[in-house]
Amino acid sequence: MTVTTSSETHPALSDQDWGFSTIDRPPSAINPPPSRMFYVYLAAPAIALLAVITIYPFLWLIYMSFHKVGFGSSSDIFVGFENFSRLFTDTKYIEGWGLLLKYSAICLSIQVVVGVALAVVLNNSRYEKILVTLFLMPMMVSPIVAGLLFFYLYNGTFGWYHWIFQSLGFLGETSILGSTKTALYGIIIVDVWQWTPLITLITLAGLKRVPQDQLEANMVDGAGSISNFFNVSLPNIYPFLLIAILLRFMDNFRFIDAILALTGGGPANSTRLLPVYLFDVSFQFFKLGRGGAIALTLLIVTIILGLILVRVLEDPTRKKALSGDPDN
Amino acid sequence: MFYVPKNAIYKTVSRRKFLELGGGSIASLGVGSLVVGLSTVISRRPVQAASSEDAKWKQYEGSKLVFMSENTPPSFAIREKIEDFYKLTGIEVEVITDGLPAVQQKIGIDFQSGNADFPISYVQDKPIGAPFADYYADLTPMLGDETLPQDPEGYGDGVWFENFLDACGRFYDRDRLIALPYDAAVACTFYRQDIYEANTKDFEAEYGYRMEFNEESTWKNVYEFAEFLKRKRAGGADVPYGYAQHQGSFAWTTQLDVQRMFFAHGRWLDWEIDDKLGTRTPPPSNWGDEQSVLLMQKYKDQADVSHPDNLANGTLELNTVYQSGDIAMQVQYHEFAASIEDETTSKAAGGRTAYAPCPKGEASWIVNGGPAVNGTNCGIGGVGINGNASEDVQRAAYLFCVYATTGNLQYEVLTGLGGTPTRKSVMDMPGVAEARQRPTSMPNALTFDAVYDVGIKDPNFVLGPKVPEANEYHSILAAETQRCLSDQVTPEEACNNIKSQIDSLH
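Residues numbered from 1 in each chain as written. Chains lettered and ligands numbered in written order. Predicted model: local features only at pLDDT ≥ 70, side-chain atom pairs only at ≥ 80, totals over all residues.

(A) Spatial organisation of the overall build of chain A. Helix and strand counts for chain A stand at 14 helices and 2 strands. Across the 328 residues in chain A, those meeting the buried criterion constitute 29%. In chain A, the share of contacts with a sequence separation of at least 24, taken over all contacts with a separation of at least 6, comes to 64%. (Helix = DSSP H or I, 4+ residues; strand = E, 2+ residues; numbered from the N terminus. Buried ≥ 20, exposed ≤ 12 C-beta atoms within 10 Å, placed from the backbone. Contact = placed C-beta atoms within 7 Å.)

Right under this line is the structure:
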């Protein structure tokens, strides 16, 4: 069998019989390069799915925020920016922001400090695997279940945690959820209990990637373990921490499950974080236009704060590299 | 290795075709099972007015309906007895129960999206009936339809306890009926007579009257009982707190708690509107007037001498506090008597608890005029039909409504799980009259004197306010009241804040 080709140089293309059928056309004629539309067709199902599950609801959210949304046979009424302007005089909306920022800041601070500390302790520990498994268990619990669990643990009549807090002198006869001064901390404890392990897990993954030679070199220079952590490990786990903090930050901004089970936003609105208020407006009061406006502002602020966080926490070495620092 | 038949399917059908067929079949099965499993299915056999009763009951045999309800004893009972309904009608009914806030959200979404995934639902008067009344089907044409089976007692106001039909069935329009009374929770006073008797001597020495509670006892008496017990407890005595309020996470419970006390004093109402029908356009509210400010102060004073975990306890948790023996009195809904009298879970069982009407208004606290009454309110749950459903689905659902509100079924629930009847005829059924006295096999019947003979009768009964924005109103009222109880605002500021917020709602 003869293989014919335009090239004369390649040994494989000589007159020798290689056992293949004869190709009498150039390869480009057999497999012409696909047209652009081919790629469009390939991507179309994924784009359509994405559009259905994210883009369409997002556009609908924008639409609702500019309308008084009617139901059933009644039609929507365009109200311009009325839903937005009303938010500036809505004390629950403003208080909701304050509570959300306070809650988010406290949760993140505690979770990062405790999560990183736990990861450092667990890293290379003899019982690392079993302890990591144990620490991960709260994350596997659904938030609403976690809320119900703590609701009973905090109960002033029969709750174990209430009894412990009372025995330790932290609380009197008022349960942690029964006072406007402590209820927010009650839900913070639940969040910290459930999501600190995520920070630990991600940090632990980062710690595994810290170059051993850098650690050893630093120790040869006389550094102790604390100096090693701050000067070598911490800069190396920055990208991991950034991911962990971003994930938790965004989660906190849409956190309602456990709060609904624990307090429903009370007492006296002391735990009515903005996402809880958004839920109330949309699905208790069924004011979808107002709810849309709240949701849109929440989304925009989340994106802006997320970008700020990324800028602040960006890996310093990468930052230097990007800025063209010759020392790097 | 394996035996492969010559005509194996993969040999006769191309692989691509095989995968397409398989995928298509799986998708069809999945969608089909979802449709059949979750949605209403209807099949109809025509009947005439002259058809037999059996034919009328069975005209929708083979259909399937969904009933969304609150997790209350009648709902559990009807789920247990759903087989009886199936035998009677051939209609399969899936009873889904949940907490009231979740029921309200699910029904609301169903209604407002124009669907009828829940063709039958629980119409709790204010949280569900007031905002969604327009979405329910009008039952009036079906009540007189001769091609449908009817309850021999009928459905007029006279067959139900006073005001019950108005409470859950009529909203903003007297000619339209959207639900039949199915479940009742009426407030009355539960108090520990053993503790009152043990302390009456000391109390009398200090306050000049006996520590007793009856129909004439006022909110001032309640305050003094609680103040006395709290002081005694602080002095080291082994006594419970005297009282606790309904607060907790569900705002409606706080609204009802405030309303009872306010209405008791001169029949004070939030709005000057028809309390039984409500209105879509309420006038400016009465909040902020002299009477409301004074009563908010008294409500706060009451909170200050109540159980210290007052703000954490919703209705269910409050009942648990009472069951555990931590308080000597609660104003509670009469359906809870069964749990109080359960000796396995309650320290207040075994004849320690007595039942009385809600406290009366204190004459010296009335500044706007009007009588002092035993202000009593309720949660009357009706069973109603989704107006988005087709005519046949509505008719099939009506069969369930008739069945679920019969006197016989209510009697069975009362004697079994501990229900709370809505039909007067149940009072005449065997053993019910005797069960009002101890020893009793129907603990809820111990409350009947207080509830059915006094509480629900005018001038004591208050239903409203029925306004479309009821849920937002409850939320505002609860938040401001709790801010007042937490010393964040004064009673006057709380009342003014409520007024400014609710006046802008409508």
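(B) Local environment of the overall build of chain B. Each helix and strand counted, chain B has 21 helices and 7 strands in total. Across its three principal directions, the C-alpha atoms of chain B cover 100 × 55 × 50 Å. Counting every position in chain B, which comprises 506 residues, the buried fraction comes to 52%. Across chain B, the fraction of contacts at a sequence separation of at least 24, relative to all contacts at a separation of at least 6, is 74%.

(C) The domain arrangement of chain A, seen in detail. Residue and element names in this part refer to chain A. Partitioning chain A into domains gives domain 1 (11–83) and domain 2 (87–322). Elements that contribute at least two residues to the side of domain 1 that touches domain 2 include exactly helix H2 (36–65) and strand E1 (67–68). Top contributing element to the side of domain 1 that touches domain 2 by residue count: H2, with 4 residues. Each residue belonging to the side of domain 1 that touches domain 2 can be placed in one class, and the counts come to 5 nonpolar, 3 polar and 1 charged. (Domains from an automatic or database assignment. Nonpolar A, V, L, I, M, F, W, Y, C, P; charged D, E, K, R; others polar.)

(D) Broad picture of helix H21 (residues 491–503) of chain B. All names here are of chain B. The first and last C-alpha atoms of H21 sit 18 Å apart over 13 residues, in line with the 18 Å expected at 1.5 Å per residue. Those residues of H21 lying buried are Pro-491, Ala-494, Cys-495, Asn-497, Ile-498, Lys-499, Gln-501 and Ile-502. Check the buried side of H21 and you find it contacts helix H13 (290–304) and helix H20 (470–485). (Expected span 1.5 Å × (residues − 1).)

(E) Representation of the domain arrangement of chain B in the model. Residues and elements named next belong to chain B. The domain architecture assigned to chain B consists of domain 1 (53–184 + 380–434) and domain 2 (186–378 + 447–503). Taken over C-alpha atoms, the centre of domain 1 sits 30 Å from the centre of domain 2. Elements with a minimum of two residues in the side of domain 1 that touches domain 2: helix H6 (100–112), helix H7 (125–132) and helix H9 (164–169). When residues of the side of domain 1 that touches domain 2 are assigned to their parent elements, the largest contribution, 5 residues, is made by H7. The residue makeup of the side of domain 1 that touches domain 2, split by class, is 12 nonpolar, 3 polar and 6 charged.

(F) Structural detail: the nonpolar core. Judged by nonpolar contacts, the single largest core of 192 residues is most densely connected at Ala397(B), Phe400(B) and Cys401(B). Beyond its immediate chain neighbours, meaning those up to four positions away, Phe400(B) contacts Leu65(B), Phe67(B), Phe85(B), Val93(B) and Ile120(B). (Core = buried A, V, L, I, M, F, W, Y, C linked by C-beta atoms within 7 Å.)

(G) Unusual backbone geometry, seen in detail. All names here are of chain B. Omega for the peptide link from Arg-438 to Pro-439 comes to -10 degrees, which places this bond in the cis form. With respect to the secondary-structure elements, Pro-439 resides in the loop between helix H18 (432–435) and helix H19 (448–455). Cis geometry is adopted by the peptide bond preceding Pro-465, which originates at Gly-464 and carries an omega value of 0 degrees. Take Pro-465: it is sitting in the loop between H19 and H20.

(H) Representation of the confidence of the model for chain B within the structure. With 92% of its residues at a pLDDT of 70 or more, chain B has an overall mean of 91. Reported for the predicted complex are a pTM of 0.86 and an ipTM of 0.86. (pLDDT = per-residue confidence, 0-100.)

(I) The arrangement of the environment of Tyr154(A) in detail. Residue and element names in this part refer to chain A. Structurally, Tyr-154 can be placed in the loop between helix H6 (143–153) and helix H7 (160–167). With 23 residues separating them in the primary sequence, Tyr-154 and Leu-177 have C-alpha atoms 7.2 Å apart. For Tyr-154, the residues in contact, after removing those within four places along its chain, are Gly-159, Tyr-161, His-162, Ser-175, Ile-176, Leu-177 and Gly-186.

(J) Molecular detail of the environment of Ala363(B). All names here are of chain B. Assignment of secondary structure puts Ala-363 in the loop between strand E6 (353–356) and strand E7 (378–385). Judged by the 12 C-beta atoms lying within 10 Å of it, Ala-363 is exposed. The sequence separation of Ala-363 and His-307 amounts to 56 residues, and the corresponding C-alpha distance is 26 Å.

(K) Molecular detail of helix H11 (residues 219–234) of chain B. All names here are of chain B. For H11, with 16 residues, the first-to-last C-alpha span of 22 Å sits near the 22 Å given by 1.5 Å per residue. Taken as a whole, H11 has its buried residues at Trp-219, Val-222, Tyr-223, Phe-225, Ala-226, Leu-229 and Lys-230. Angularly, the buried residues of H11 cover 165 degrees about the axis, an arc narrow enough to put them on a single face. Tucked into the core, H11 has its buried residues touching helix H12 (251–264), H13 and strand E5 (329–333). Remark: Gly-236 follows H11 within two positions and exhibits a positive phi of approximately 105 degrees. (Arc of directions from axis to C-beta.)

(L) Just the packing of H20(B) against H21(B), in detail. Residues and elements named next belong to chain B. Interaxial distance between H20 and H21 falls to 9 Å at its minimum, and their mutual angle equals 165 degrees. Between H20 and H21, the interaxial angle falls into the category roughly antiparallel. Crossing of H20 against H21: the hand is right-handed. Note on element contacts: H21 touches H20 through Pro-491, Ala-494, Asn-497, Ile-498, Gln-501 and Ile-502, opposite Tyr-473, Ile-476, Leu-477, Glu-480, Thr-481, Arg-483 and Cys-484. Residue composition of the contact of H20 with H21, grouped by class: 8 nonpolar, 3 polar and 2 charged. (Axes fitted to C-alpha atoms, helices over the stretch in contact; angles between N-to-C directions. Parallel < 35°, antiparallel > 145°, perpendicular 65-115°, else oblique. Left-handed = near helix turned anticlockwise from the far one by under 90°.)

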